[in-house]
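# Architecture and fold: a report
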Amino acid sequence: MVKQENFRFRMVMLAGAILVLLLAYISLTNGIYQITLKQVWETIFRIHPIEELDLVIFNFRLPRIILAGFIGLGLGISGAVIQGISRNGLADPGILGINSGAGAAIVIYMFFVQGKAAGSNWVVIMTMPFFGLVGGLSAALIIYLISWQGGRLDTQRLLLTGIAVGTGLGAFTLYLSLKMKAQDFEMATVWLSGSIYSANWIFIISMIPWFLLCLPIIMRKSYMLDLFQLEEEALKSLGVSVEREKSILLLSSIGLVSACVSVAGSIGFVGLMAPHMAKLLVGYQQKYVLPVCGIIGMILVIGADFLAKTVVAPSELPVGIVISIIGVPYFVHLLFKTKV
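Along each chain, residue indices are assigned from 1 in the same order as the chain's sequence is written. Local features are withheld for residues below a pLDDT of 70 in this predicted model, meaning they are given only at 70 or higher, and side-chain atom pairs are given and counted only at 80 or more; totals for whole chains, interfaces and linings count all residues. Side-chain numbers here rest on the full set of heavy atoms in the structure, without hydrogens or water.

### A closer look at the pattern of salt bridges
Definition used for salt bridges: Asp or Glu carboxyl oxygen within 4 Å of a side-chain nitrogen of Lys or Arg. Scanning the model with the defined rule gives 5 salt bridges in all. In this structure, Lys221 engages Glu245 in a salt bridge whose closest nitrogen and oxygen atoms are separated by 2.9 Å. Placement of the pair is Lys221 in the loop between helix 8 (201–220) and helix 9 (222–227) and Glu245 in helix 11 (residues 242–264), with a sequence separation of 24 residues. The exposure class of Lys221 is buried, given its relative accessible area of 17%. You can call Glu245 buried: its relative accessible area is 8%. Arg244 is the salt-bridge partner of Glu245, the closest N and O atoms lying 3.3 Å from each other. Every helix listed is a DSSP run of H or I at least four residues long, and every strand listed is a run of E at least two residues long, numbered separately from the N terminus. The buried label applies to any residue whose accessible area, calculated with a 1.4 Å probe on protein chains only, is under 20% of its type's maximum; exposed applies above 50%, and partly exposed to all values in between.

### Notes on the packing of aromatic side chains
Side-chain rings of Phe, Tyr and Trp (the six-membered ring for Trp) are treated as a pair once their centres are within 6.5 Å; stacked means planes under 30 degrees apart, edge-to-face means over 60, and tilted covers the remaining angles. All chains considered together, the criterion is met by 6 aromatic pairs. With centroids separated by 5.2 Å and ring planes inclined at 75 degrees, the aromatic side chains of Phe70 and Phe211 adopt a geometry described as edge-to-face. With a gap of 141 residues between them, Phe70 in helix 3 (residues 51–86) and Phe211 in helix 8 connect regions that are remote in the sequence. What makes Phe211 buried here is its relative accessible area of 5%. Arranged with centres 5.4 Å apart and planes meeting at 85 degrees, the rings of Phe111 and Phe112 form a pair that is edge-to-face. Classification of Phe111 by relative accessible area gives partly exposed; the value is 23%. Take Phe112: its relative accessible area is 66%, and that puts it in the exposed class.

### Overview of the packing of helix 13 (residues 286–310) against helix 14 (residues 319–337)
Two elements in contact, helix 13 and helix 14, have axes whose closest approach is 8 Å; the angle formed by their N-to-C orientations is 115 degrees. Here helix 13 is positioned roughly perpendicular relative to helix 14, judged by the angle of their axes. Viewed along their axes, helix 13 and helix 14 form a crossing whose handedness is right-handed. Mapping the contact onto sequence places Leu300, Val301, Ala304, Asp305, Leu307 and Ala308 in helix 13 and Val319, Val322 and Ile323 in helix 14. Class assignment for the residues of the contact of helix 13 with helix 14 results in 8 nonpolar, no polar and 1 charged. Lines fitted to the C-alpha atoms define the axes, with helices restricted to the stretch that makes contact. Angles between their N-to-C directions range from 0 to 180 degrees. In these notes the angle categories are as follows: under 35 degrees is roughly parallel, over 145 is roughly antiparallel, 65 to 115 is roughly perpendicular, and the rest is oblique. We call a crossing left-handed when the near helix sits turned anticlockwise from the far one by less than a right angle, and right-handed when that turn is clockwise. Residues are treated as being in contact if the distance between any of their heavy atoms lies within 4.5 Å. In this count, Pro and Cys sit with the nonpolar residues alongside Ala, Val, Leu, Ile, Met, Phe, Trp and Tyr, while Asp, Glu, Lys and Arg are called charged and the others, Gly among them, polar.

Right under this line is the structure:
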């Protein structure tokens with residue numbers, strides 16, 4: 001049985017990796033400026049470099065694809081962690097208000113550094129995830145306290161509390177963005193709807209430390225997500241420090257979400273859909289579910305970004321809207337299917 005699960009996991013990961021590479025190839029070669037595979041190869045490996053191709057590939061398309069992959073990876077895995085901690089299949093960083101908390105903190109930061117956040121200011125971009133982390137943690141703490149009832153976390157109240165807190169923070173964020181200068185307001189509005197049109201290498205570099213810090217912790221603690229499906233009394237009898245382990249995993253997942261929100265704004269539903277799809281493919285063991293969630297998240301965001309920049313070209317849709325078109329019906333389906 002274990003060998004069969006391992007084999008299925010490897011096949012799913014292989015198929016997912018091939019699909020990610022295929023989507024990356026399609027996104028890299030298609031658009032207003034068409035590029036052939038040969039031109040991509042010659043440009044990347046500097047065989048016959050051409051200035052126009054360098055600009056399109058290295059300044060626009062490649063950073064965008066890599067950034068979309070990182071965002072999908074982070075949101076997919078953090079969604080699985082949050083669903084595991086809350087034992088709620090409808091939980092998601094966006095639905096629970098964590099995205100909104102991180103976004104609100106970052107918009108406050110943008111408000112005080114107007115004119116700098118949209119550029120390539122290293123200090124501003126590298127410090128944005130820290131503010132996102134503070135905002136995400138604050139939102140999570142508020143939701144956690146309101147959902148705490150009778151000495152335990154009431155998962156039935158968790159979803160409604162998250163939606164309420166997220167809506168309130170979203171309204172505050174919109175109000176604050178209206179106080180910005182016209183140029184900064186436009187940037188904040190597009191950013192909050194979930195967009196990676198301004199992707200660059202600095203954004204990618206700003207995310208890497210968070211992934212290097214948080215992902216190993218989550219993967220190492222993946223077995224705890226399996227144990228969390230048991231009753232808390234059973235866990236305590238096994239000597240598990242439940243609240244401590246939950247805090248470590250929650251903090252790590254919010255770190256990933258904050259890094260994603262800091263460069264792309266609020267992209268919802270990836271963390272909701274990816275865990276359900278992963279469990280259908282590889283079962284419920286979290287050491288298999290988490291990596292598959294990451295690869296599914298990458299597929300969703302890279303694919304959605306390609307549609308966002310081509311469907312109404314030369315104009316562009318925010319990635320968050322494209323994913324929501326799929327995510328909202330899926331959420332409604334889960335709402336009827338899951339007992340909340």
